[in-house]
Amino acid sequence: MVRITILYYSNFRGQTEKLALAIQRGAQRVPGTDVQLLRVEDAESHWQRLHDSDAIVFGSPTYIGSVAARFKQFIELLSGDVWLKRMWVNKVAAGFTVSAGRSGDKLNCLQQMVIFAAQMGMIWVPVRLLGGNYSSQGSEDDLNRMAGYIGVMAQANIDEPAEIAPPPSDIRTAEIHGEHVAEVTRALVAGRRALAAEAAPAT
Ligand SMILES: Cc1cc2nc3c(=O)[nH]c(=O)nc-3n(C[C@H](O)[C@H](O)[C@H](O)COP(=O)(O)O)c2cc1C
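The structure presented is a predicted model; accordingly, all values stated were derived computationally and were not measured.

## Describing the site of the ligand
Then comes step 1: Taken together, 19 residues surround the ligand, and among them Ser10, Arg13, Gln15, Thr16 and Tyr63 come closest.
Then comes step 2: One of the backbone N or O atoms of Phe12 is found 2.7 Å from an oxygen atom in the ligand.
Then comes step 3: Within the backbone of Ala100, an N or O atom sits 3.3 Å from a nitrogen atom of the ligand.
Then comes step 4: Its free accessible area being 640 Å², the ligand has 80% of it covered by the protein chains.
Then comes step 5: Taken together, the elements giving at least two residues each to the shell around the ligand come down to helix 1 (15-28), strand 3 (55-63) and strand 5 (92-99).
Then comes step 6: By residue number, the principal contributor to the shell around the ligand is strand 3, which donates three residues.
Then comes step 7: Across the shell around the ligand, the residue classes tally to eight nonpolar, 10 polar and one charged.

## Describing helix 1
Then comes step 1: Here helix 1 spans 20 Å end to end across 14 residues, near enough to the 20 Å set by a 1.5 Å rise per residue.
Then comes step 2: In this structure, the buried side of helix 1 is in contact with strand 1 (2-8), strand 2 (33-39), strand 3, strand 5, strand 7 (152-155) and helix 6 (168-199).

## What to know about the nonpolar core
Then comes step 1: In this structure, Ile4, Ile6, Leu19, Ile23, Val57, Phe96 and Val181 are the most contacted members of the largest nonpolar core, which totals 30 residues.
Then comes step 2: For this core, the elements supplying multiple residues, two or more each, are strand 1, helix 1, strand 3, strand 5, strand 7 and helix 6.
Then comes step 3: It is helix 6 that contributes the most residues to this core, six residues altogether.
Then comes step 4: When residues no more than four places from it in sequence are discounted, the contact partners of Val181 are Ala55, Val57, Val92, Ala94 and Val125.
Then comes step 5: Counting 27 residues, the second-largest nonpolar core is a separate cluster that includes Leu7, Leu38, Leu50 and Ala93.

## Things to note about the side chain of Asp170
Then comes step 1: Tracing the chain through its elements places Asp170 in helix 6.
Then comes step 2: Here Arg145 takes part through its side chain, which lies 2.8 Å from a polar atom of the side chain of Asp170.
Then comes step 3: Once residues within four sequence positions are removed from consideration, Asp170 is found in contact with Leu19, Arg145, Met153, Ala154 and Gln155.

## A look at unusual backbone geometry
Then comes step 1: Going from Ala165 to Pro166, the amide bond is cis rather than trans, its omega being 5 degrees.
Then comes step 2: Mapped onto the fold, Pro166 is located in the loop between strand 7 and helix 6.
Then comes step 3: In this structure, Arg86 takes a positive phi of about 55 degrees despite not being glycine.
Then comes step 4: Relative to the assigned elements, Arg86 resides in the loop between helix 4 (81-84) and strand 5.
Then comes step 5: One non-glycine residue, Asn90, lies in the positive phi region at around 70 degrees.
Then comes step 6: Classification of Asn90 as partly exposed rests on a relative accessible area of 39%.

## Describing the packing of helix 1 against helix 6
For any two helices packed against each other, the geometry is given by the interaxial angle and the distance between the axes.
Then comes step 1: For the pair helix 1 and helix 6, interaxial distance at closest approach is 6 Å and the crossing angle is 45 degrees. In terms of orientation, helix 1 and helix 6 fall into the oblique class. Seen along the crossing, helix 1 lies across helix 6 with a hand that is right-handed. Residues Lys18, Leu19, Ala22, Ile23, Arg25, Gly26 and Ala27 of helix 1 form the contact with helix 6, whose own contacting residues are Asp170, Ile171, Ala174, Glu175, His177, Gly178, Glu179 and Ala182.
Then comes step 2: Considered class by class, the residues forming the contact of helix 1 with helix 6 number seven nonpolar, three polar and five charged.

## What to know about the side chain of Thr185
Then comes step 1: Mapped onto the elements of the fold, Thr185 is located in helix 6.
Then comes step 2: By relative accessible area, which is 1% here, Thr185 ends up buried.
Then comes step 3: What Thr185 contacts, discounting residues up to four positions off in sequence, is Val2, Asp54, Ala55 and Val92.

## Remarks on the pattern of salt bridges
Then comes step 1: This model, assessed by the stated rule, comprises 12 salt bridges.
Then comes step 2: Residue Arg102 is joined to Glu140 by a salt bridge in which the shortest nitrogen-to-oxygen separation is 2.6 Å. Of this pair, Arg102 sits in the loop between strand 5 and helix 5 (106-119) while Glu140 sits in the loop between strand 6 (123-124) and strand 7, placing them 38 residues apart in sequence.
Then comes step 3: Glu140 gets classed as partly exposed once you look at its relative accessible area, which sits at 32%.
Then comes step 4: One salt bridge in this structure joins Glu175 and Arg172, with 3.7 Å as the shortest N-O distance. Note that Glu175 and Arg172 are positioned in helix 6 at a spacing of three residues, about one turn of the helix.

What counts, and at which threshold
- Residues numbered from 1 in each chain as written.
- Predicted model: local features only at pLDDT ≥ 70, side-chain atom pairs only at ≥ 80, totals over all residues.
- Heavy atoms only, no water.
- Near = heavy atom within 4 Å.
- Polar contact = N/O pair within 3.5 Å; in protein donor to acceptor, adjacent residues only side chain to side chain.
- Areas by Shrake-Rupley, 256 points an atom, 1.4 Å probe, with all protein chains shown as cover.
- Helix = DSSP H or I, 4+ residues; strand = E, 2+ residues; numbered from the N terminus.
- Nonpolar A, V, L, I, M, F, W, Y, C, P; charged D, E, K, R; others polar.
- Expected span 1.5 Å × (residues − 1).
- Contact = heavy atoms within 4.5 Å.
- Core = buried A, V, L, I, M, F, W, Y, C linked by side-chain atoms within 4.5 Å.
- Buried < 20%, exposed > 50% of the residue type's maximum accessible area, 1.4 Å probe, protein only.
- Axes fitted to C-alpha atoms, helices over the stretch in contact; angles between N-to-C directions.
- Parallel < 35°, antiparallel > 145°, perpendicular 65-115°, else oblique.
- Left-handed = near helix turned anticlockwise from the far one by under 90°.
- Salt bridge = Lys/Arg side-chain N within 4 Å of Asp/Glu carboxyl O.

Next comes the structure, spelled out in C-alpha cells:
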C-alpha cells in the first residue's frame, strides 16, 4: 500500500479544498493507494500519518501572492525534528494552488512549496500535462489552461462559490496530477522494495 497525504489549507470559499478532493480522486485511481486529506489546522494531531506517508501533496490558496499564513505556520513546525533529523528525506512532494487572478502571483506560492520540500529533502513531482490555452485554437476548457508546470495552478473567480469555481478544466487538471503523483510514488516505493530485497542476504 502506498500512502499519500494531501496537506492543505482552504478558508475563503473552499476552493482549495475542492482541488484537494480532485487530487485525491485522481490519486485513488492508482491501485493500492491510500489517499487522505489533512487540513493544516488538524495536522498537529496527525504527525504519524505525515511521517508514514510516502508522498505529501501541499495545497494552499494564493493569498497576497504567497502561501496562506496559516499554511506557513504549520510548515514552520517542520524546522524541528522533521528538518533536523531528516525525517522526510526522499518522500515525494507536489503542490497546488488557486487564486482569483489568472496570474495572481500563484507562481510565488508554488515556488515557496518547492523550497519547503527541498529543505526537507523531498522529491518534487511537476505537472506532466502540456500547458493548454496556448494558441488561437485554445480555450479556458483546456487542461492545464494556466500552463503551469511546477504544480497545479487553478483560477477561481472571486465572486463565485466552490460549486462552480475553479472550473471543470482546472478540476480535471488536478485529478490528472493526483494520478500522476500516485503513479510516481508507486514506482519509487516498488523500486525501493525491490532494491532492499536484492540487497537482503539470501536465506
Ligand atoms: C486574504 C486573501 C488574499 C488574497 N490574495 C490574492 C492574490 O494575491 N492574488 C489573487 O489572484 N487572489 C488572491 N485572493 C483570492 C484567493 O486566492 C482565491 O479566492 C482563492 O480561490 C481562495 O481559496 P480558498 O477558498 O481555498 O481560501 C486572496 C484572497 C484572500 C482572502
